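Residue-level structural notes
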Amino acid sequence: MHRDYDVAVVGGGLLGSAVAWGLGRLGKTVAVFDEGDIAKRASRANFALVWVQSKGLGMPAYTVWTVRASETWGRLAAELKDQTGLDVSLQQNGGFHLTLGDDEFEQRGQLVTRMHNQVGAADYKMEMLSASAVGKVLPLIGPEVSGGSYCPLDGHVNSLRTFRAFHTGFRQFGIDYFPERPVSAIAHSGGEFLLTTPKGEIHAGKVVLAAGNANQTLAPMVGLSAPMSPTRGQIVVTERAMPFLPHPLTVIRQTDEGTVMIGDSKEDELDDRVLKLSISAVMADRAQRMFPHLARLNVIRSWAGIRVMPQDGFPIYDQSESHPGAFVACCHSGVTLASSHAFEIARMVAAGRLEPELVGAFSARRFASERAASGSGDY
Amino acid sequence: MFKRSDQDNRPSVQIFVDGAAVAAHEGDTVSAALLVSSRDVRRATAVSGAPRLPYCMMGVCFDCLVTIDGVGNRQGCLVPVADGMQIEIQKGRREIGR
C-alpha cells in the first residue's frame, strides 16, 4: 500500500496545529484535516491566557504538566518568531484573579490553601494578596475589590497570531493543510491508517485525533475513548485603549493591541450563534466594578464560543492498544498547553509512544475507574 | 483643500482644536469643521500609528475618531459642533479614563 504521510492529524485548531507543527519540526511528513469555516472552532473563541494558577485541583499531574508548558512557552514563541517573523506577544509577568467583596476573597483563599495542600503538585507560588497590595500593582482597581490571588507564572499571548504562526510554519515545514475535510471513517490495516474524507482518502502511518469535542466520536474508530462535556462561554471585547492593565486577570485582559477582553462565563448551552445578553451584562458589570474606568469604553464585539472540555475537565492523551500508531489528544487549555503539544506530544507521537512519566495520568482509562476524580480543568 | 460654499451663511460658532480657537458654522459636523479648518487634523491609528483623516463622513469607516470634550474615540462625522467645544486630535488609542 502507498503511504501518503507519516502522520495524519485530524483537527486543525490550536491543539492539532501545535502537534502538527511539532511533527513537521521533527522532519515528519504531516497532513492536517480540518473542517470548514462554519465549524465550532474553540480555537477562535478562546481567552488567550497562558494560565497556571488553580489548575489541577483533583489531579496534581495536571499542575505539573501546566507548569511545564508555561516554562517552555517562551521557547515556542521564540521559535515561531524565528521561523515566521510573527511575534505572538507572549507576556508572562504574573496574573491575578480579583475578588469582589469579602465572601469571594475568603472562597478564593480556601482554594489557594487546598491547592497548596495537594500532594504531588508543582509549587507555583500562588498567593493571596490584600486589596491594598493588589492596588500597588493595579492602581485602577475599584473600591469593591477585596483582593485576589496572584501567581508569578501566569501570562497571556496573542492566540490568533499564534494560530496564524503555526499555519505559516506549516508551509515552511511542508505540512499539507486540508480544510473542508471532516474525517468520517478511519480504517487500520497493514500497519497503516486509511482516513476517509468527503474529498478523498489518504494513507498515513500514524493518526493523531485532535478534533476537540469531536474526538468523542472519532476515538472509538481506533479503539480509544474521549468522553467530552463541552460548555459554552461568552466574551465581550472593547475598543482599543492605551495600556492600563499591566497583568492579565482570569476574566479581564488587555491585548497587545489595546482591546480589553472580558470573559469566562460558563453555560451548558451549545448553540454558539446567539448571545445571552443577561450573561454579558453580568460579565460587564463585574468588570467595571473591578476597574471603574472600563465603564467609559465602548464594546465593539461580543461572541459565544464552545469550549473543548473533557468530562472531568482534565486533558486526555492516550494511545491505542488495538490500533498501534493511533493517538488522541484533547484538552480545555489549548493555548496554555500549546508549547507542550508542539514539543512534548509531537516528540512522543513521532517516537510512537506516549511517555507515562509525563502524561500517564491523562489516559482516558481513568474514566472507567470507580474513583475517577471530578475536578476543574480550568480556572 | 476644502472651501466653504459662498452660500453658507449659517451662524458661526467657535470651537477649540488642541486649544486653538477655530471658526465653524452651526450645523457643521466636527469632522467637516476640522477638514475646512486648514489645520493638520490627521489622527494616528491605534495599532500602526498611520495618519488618517475623516473619510466616509457617514459613520461607517471610523477614520474620524477624535477626542471631544474629554471623551475619546468619538466619531467626529456624527457629532455636530457646539460653541466652546474642545476637540483634541487623537494620537493612537483612547486613554481609558477619557
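Because the structure is a prediction, the values reported are computed rather than measured. (Residues numbered from 1 in each chain as written. Chains lettered and ligands numbered in written order. Predicted model: local features only at pLDDT ≥ 70, side-chain atom pairs only at ≥ 80, totals over all residues.)

1. Things to note about the domain arrangement of chain A
Residues and elements named next belong to chain A. Selection rule: Domain start and stop positions are those given by an automatic or database domain assignment. By definition, residue pairs are in contact when their C-beta atoms, positioned from the backbone, come within 7 Å. Each residue is assigned to one class: nonpolar for Ala, Val, Leu, Ile, Met, Phe, Trp, Tyr, Cys and Pro, charged for Asp, Glu, Lys and Arg, and polar for all the others, Gly among them.
You can read the domains of chain A as domain 1 (5–84 + 159–228 + 312–368), domain 2 (95–152) and domain 3 (231–307). On the side of domain 2, 14 residues touch domain 1, which itself brings 10 residues to the contact. Its residues assigned to classes, the side of domain 1 that touches domain 2 comprises six nonpolar, four polar and no charged.

2. Observations concerning helix 3 (residues 101–117) of chain A
Each full turn of the α-helix corresponds to 3.6 residues, which orients residues three or four apart in the same direction. Residue and element names in this part refer to chain A. Going by this rule: What counts as a helix is a DSSP run of H or I of at least four residues, what counts as a strand is a run of E of at least two, and both are numbered from the N terminus. A helix's residues, less one, multiplied by 1.5 Å, set its expected span. Here a residue counts as buried when 20 or more other C-beta atoms fall within 10 Å of its C-beta, as exposed when 12 or fewer do, and as partly exposed in between; the C-beta atoms come from the backbone. What the arc measures is the spread of directions leading from the helix axis to the C-beta atoms.
Compared with an ideal rise of 1.5 Å per residue, which puts 17 residues at 24 Å, helix 3 spans 25 Å between its outermost C-alpha atoms and is within 8% of the ideal. Turning to helix 3, its buried residues number three or more, namely Phe-105, Arg-108 and Met-115. The buried side chains of helix 3 occupy one side of the element, clustering within an arc of 85 degrees when seen end-on. Of the residues in helix 3, the exposed ones pointing more than 90 degrees away from the buried face are Asp-102, Asp-103, Gln-107, Gln-110, Thr-113, Arg-114 and Asn-117. For helix 3, the secondary structure elements touched by its buried residues are strand 4 (95–100), strand 5 (127–130) and strand 6 (145–151).

3. Structural notes on helix 1 (residues 14–25) of chain A
Residues and elements named next belong to chain A. The terminal C-alpha atoms of helix 1, which comprises 12 residues, lie 16 Å apart, in line with the 16 Å expected from a rise of 1.5 Å per residue. Within helix 1, 12 of the 12 residues are buried, which leaves the element mostly enclosed by the surrounding structure. Looking only at helix 1, the buried set comprises Leu-14, Leu-15, Gly-16, Ser-17, Ala-18, Val-19, Ala-20, Trp-21, Gly-22, Leu-23, Gly-24 and Arg-25. Looking at the buried side of helix 1, the elements it contacts are strand 1 (5–10), strand 2 (30–33), helix 5 (159–173), strand 11 (200–209), strand 17 (326–330) and helix 8 (338–351). Just beyond helix 1, the residue with positive phi is Gly-27, at close to 85 degrees.

4. Overview of the environment of Leu-65 of chain B
Residue and element names in this part refer to chain B. In this structure, Leu-65 sits in strand 5 (residues 65–68). In this structure Leu-65 comes out as buried when scored by C-beta crowding, with 25 C-beta atoms within 10 Å. Between the C-alpha atoms of Leu-65 and Leu-53, which are 12 residues apart in sequence, the distance is 8.9 Å. With near-sequence residues (within four places) excluded, Leu-65 lies in contact with Arg-43, Asn-73, Arg-74, Gln-75 and Gln-90.

5. A few points about the environment of Val-119 of chain A
All names here are of chain A. Position of Val-119 relative to the elements: it lies in the loop between helix 3 and strand 5. Accessibility expressed as a C-beta count within 10 Å gives 5 for Val-119, which makes it exposed. For the pair Val-119 and Phe-178, spaced 59 residues apart in the sequence, the C-alpha separation amounts to 44 Å.

6. Side note on the packing of helix 2 (residues 60–84) of chain A against helix 8 of chain A
Residue and element names in this part refer to chain A. So the rule is basically this: Lines fitted to C-alpha atoms define the axes here, with helix axes fitted over just the stretch in contact, and angles between the N-to-C directions of these axes take values from 0 to 180 degrees. By the definition adopted for this analysis, an angle is roughly parallel if under 35 degrees, roughly antiparallel if over 145, roughly perpendicular if from 65 to 115, and oblique otherwise.
Two numbers describe how helix 2 lies on helix 8: the axes approach to 7 Å, and their chain directions differ by 85 degrees. With respect to helix 8, the axis of helix 2 lies roughly perpendicular. Residues Trp-65, Arg-68, Ala-69, Thr-72, Trp-73, Arg-75 and Leu-76 of helix 2 form the contact with helix 8, whose participating residues are Ala-338, Ser-339, Ser-340, Ala-342 and Phe-343.

7. Some details on the sheet that holds strand 13 (residues 252–254) of chain A
All names here are of chain A. Put simply, the rule is: Between any two strands, pairing holds if DSSP finds at least two bridges.
An order of 13-14-12-15 is seen for the four strands of this open sheet, with the pairing classed as antiparallel. Each edge of the sheet is formed by a strand with only one pairing partner; in this case those strands are strand 13 and strand 15 (299–307). Sheet twist, expressed as the average angle between the axes of neighbouring strands with direction ignored, equals 20 degrees. Summarising the sheet, strand 12 (residues 231–238) and strand 14 (residues 260–262) pair through two bridges and their orientation is antiparallel. When the sheet's bridge partners are listed, Val-236 is paired in strand 14 with Ile-262.

8. Describing the interface of chain B and chain A
The extent of an interface is frequently quoted as the accessible surface area lost upon association of the parts. In this complex, chain B contributes eight residues to the contact, which on the side of chain A involves 10 residues. Looking at the side of chain B that touches chain A residue by residue, the classes come out as three nonpolar, two polar and three charged.

9. A look at the nonpolar core
As a reminder of what qualifies: As used here, a nonpolar core is made of buried Ala, Val, Leu, Ile, Met, Phe, Trp, Tyr and Cys residues. They are joined through C-beta atoms within 7 Å.
Counting residues in hydrophobic clusters, the biggest one holds 108 residues, and the most contacted among them are Ala-8, Val-10, Val-19, Val-207 and Val-208 of chain A. Residues contacting Val-207 of chain A, with those up to four places away along its chain left out, are Ala-8, Val-10, Ile-186, Phe-193, Leu-195, Val-222, Gly-325 and Ala-326 of chain A. Counting residues in hydrophobic clusters, the runner-up holds 18 residues, among them Ile-15, Ala-32, Cys-64 and Cys-77 of chain B.

10. Describing unusual backbone geometry
All names here are of chain A. Phi at Ala-48 is positive, roughly 70 degrees, even though this residue is not glycine. Examined against the element boundaries, Ala-48 turns out to sit in the loop between strand 2 and strand 3 (49–50). When the 23 C-beta atoms within 10 Å are taken as the criterion, Ala-48 is described as buried. The backbone phi angle of Ser-54 is positive, close to 75 degrees, even though this residue is not glycine. Of note, Ser-54 is situated in the loop between strand 3 and helix 2.

11. Focus on the environment of Lys-91 of chain B
All names here are of chain B. Here Lys-91 lies in the segment after strand 7 (86–88). On a C-alpha basis, the gap between Lys-91 and Ser-48 in space is 11 Å, while along the polypeptide they are 43 residues apart. If sequence neighbours within four positions are ignored, Lys-91 has contacts with Arg-43 and Ala-44.

12. Overview of the sheet that holds strand 6 of chain A
All names here are of chain A. One open sheet accounts for three strands, arranged 4-6-5; its pairing is antiparallel. Looking at which strands have only one partner, the edges of the open sheet turn out to be strand 4 and strand 5. Between one strand and the next, the sheet's axes are offset by a mean angle of 30 degrees, whatever the strand orientation. Sheet contacts for helix 3: strand 4, strand 5 and strand 6; angle to strand 6, the most-contacted strand, approximately 20 degrees.

13. Notes on the packing of helix 2 of chain A against helix 5 of chain A
Residue and element names in this part refer to chain A. So the rule is basically this: What makes a crossing left-handed is the near helix being turned counterclockwise from the far one by less than a right angle; a clockwise turn instead makes it right-handed.
Where helix 2 meets helix 5, the axes come as close as 10 Å, and the angle between the chain directions of the two elements is 55 degrees. As judged from the angle between their axes, helix 2 and helix 5 are oblique. Relative to helix 5, the crossing made by helix 2 is left-handed. Residues Leu-80, Gln-83 and Thr-84 of helix 2 touch helix 5, and the partners they reach there are Ala-165, Thr-168, Gly-169 and Gln-172. Grouping the amino acids of the contact of helix 2 with helix 5 by side-chain chemistry returns two nonpolar, five polar and no charged.

14. Comments concerning the pairing of strand 1 (residues 12–17) of chain B
Residue and element names in this part refer to chain B. Sheet topology note: the strand 1/strand 2 (residues 20–25) ladder contains six bridges and is antiparallel. Among the inter-strand pairings, Ile-15 is bridged to a residue of strand 2, identified as Val-22. Between the end of strand 1 and the start of strand 2, which pair antiparallel, lie two residues, with Asp-18 showing a positive phi angle near 50 degrees. Examined bridge by bridge, strand 1 and strand 7 share two bridges and lie parallel to one another. Counted as the bridge partner of Phe-16 is Gln-86 from strand 7.

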